Each structure stands twice: as structure tokens, then as C-alpha cells.
Amino acid sequence: MLGRDKKGNAQGFRDHTLIAASARILGDVEFTGGLHIQGEVEGNIRAGDEGGQLIIGETGVVRGEIHVPRVTINGRVEGDVSAAEHLELASKASVDGNVYYIMLEMVMGARVNGKLVRMDEERRNLPAPGQKAGEQVEADPAETV
């Protein structure tokens, strides 16, 4: 039930917006508070300076980039997702794009077709698949310009 989410109220989100399953938005969306998408959005979604929480329901589709601190996805996203605080990928989530996160919760059944990149101050240099720790990789001459 929209507006009764304990997590949302704890964050102080008083304003909630619903994009219904029958609605289609063409253009970028900037919001503060809570945004619940059941319909389609073709454009980028960004939270204002006061932050926000985005929920994409089972019937929700977003074609564009998402830059919101707290995101819950149970629908489809075609574009990169950047969640500066918390990202939850529910069982029916489908993301075609890179996912940038601080804290990630992913339920069995969720799909990501892209990179999972943790945003933090200290990035660990992990070896590439098939490479041993501490081993240097020679640059591919075809990649140098």
C-alpha cells in the first residue's frame, strides 16, 4: 500500500507519486520523496537533492538511466541503474544495463544483463577471470591507440 511503507516513512518521504499501469511517460522524471512505477517511463529518472525512493512494480518498465539513492525493482529496466544507498532486485526484476550500487539485495529469479559495480571509496583490484593474483596482464596491441 502506497504511503504506508515503513522504510519510506523512516526516511521521511512524505510525497509519493504513482505512475499507474495504464500510464506512459515520455521524458525525464525528477522527483523527491517516493515514486512508484507500474506503467512505462521512456526517459531518465533522477531523485532531487533531498533524495528519494523508487519502486518499479511487476508491470513497470523504464527505458533510460536511473539515479536514485534507494531503488526496488520488480519490473524491467533498459538502462543503467545507480543506487547510492540501497538497491533491491526482486524475483521478477530484469535489468539490461550496468548496475552501480553501495548495498545490493538480489532475490533468486532476478536477472541482470550488464556489470555489477560496487561504488565505494576503496576499490579492490581483483584479478580478471583466469588471472592469478599479482599477475600482470599484457595490453592487447589491438586495443592501444
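Refer to the preceding data block for the structure.
Owing to the predicted nature of the structure, the values given are computational and were not obtained by experimental measurement. Along each chain, the written sequence defines residue order, and numbers are assigned to residues from 1. Selection of residues for local features in this predicted model requires a pLDDT of at least 70, selection of side-chain atom pairs for listing and counting requires 80 or more, and totals for whole chains, interfaces and linings are taken over all residues. With hydrogens and water set aside, each side-chain value is computed from the structure's full complement of heavy atoms.

Caption draft 1: Broad picture of the side chain of His-86. Tracing the chain through its elements places His-86 in strand 11 (residues 86–89). Since its relative accessible area comes to 12%, His-86 is described here as buried. Residue contacts are defined here by distance: any two heavy atoms, one from each residue, within 4.5 Å place the two residues in contact. Discounting chain neighbours no more than four positions away, the residues touching His-86 are Pro-69, Arg-70, Val-71, Met-103 and Glu-105. Only DSSP runs of H or I covering at least 4 residues are called helices, and only runs of E covering at least 2 are called strands; the numbering of each starts at the N terminus. Summary of the burial criterion: residues with accessible area below 20% of their type's maximum are buried, those above 50% are exposed, and those between are partly exposed, where the area comes from a 1.4 Å probe applied to protein chains only.

Caption draft 2: Here's a closer look at the sheet that holds strand 6 (residues 61–63). Here the rule is simple: two strands pair whenever DSSP picks up at least two bridges between them. Sheet architecture is open: 6 strands sit in the order 2-4-6-9-12-15, paired in parallel fashion. Two strands lie at the open edges of the sheet, namely strand 2 (24–26) and strand 15 (111–113), each paired on one side alone. The average angle at which neighbouring strand axes cross in this sheet is 5°, direction not considered. With 3 bridges joining them, strand 12 (residues 94–96) and strand 15 adopt parallel strand pairing. Pairing of Val-95 across the sheet is with Val-112, part of strand 15. Axis lines are fitted to C-alpha atoms, over the contacting stretch for helices. Their N-to-C directions set the angle, which ranges from 0 to 180 degrees.

Caption draft 3: A look at the environment of Glu-88. By the element assignment, Glu-88 lies in strand 11. Taking the C-alpha atoms as reference points, Glu-88 and Val-107, 19 residues apart in sequence, are found 8.0 Å from one another.

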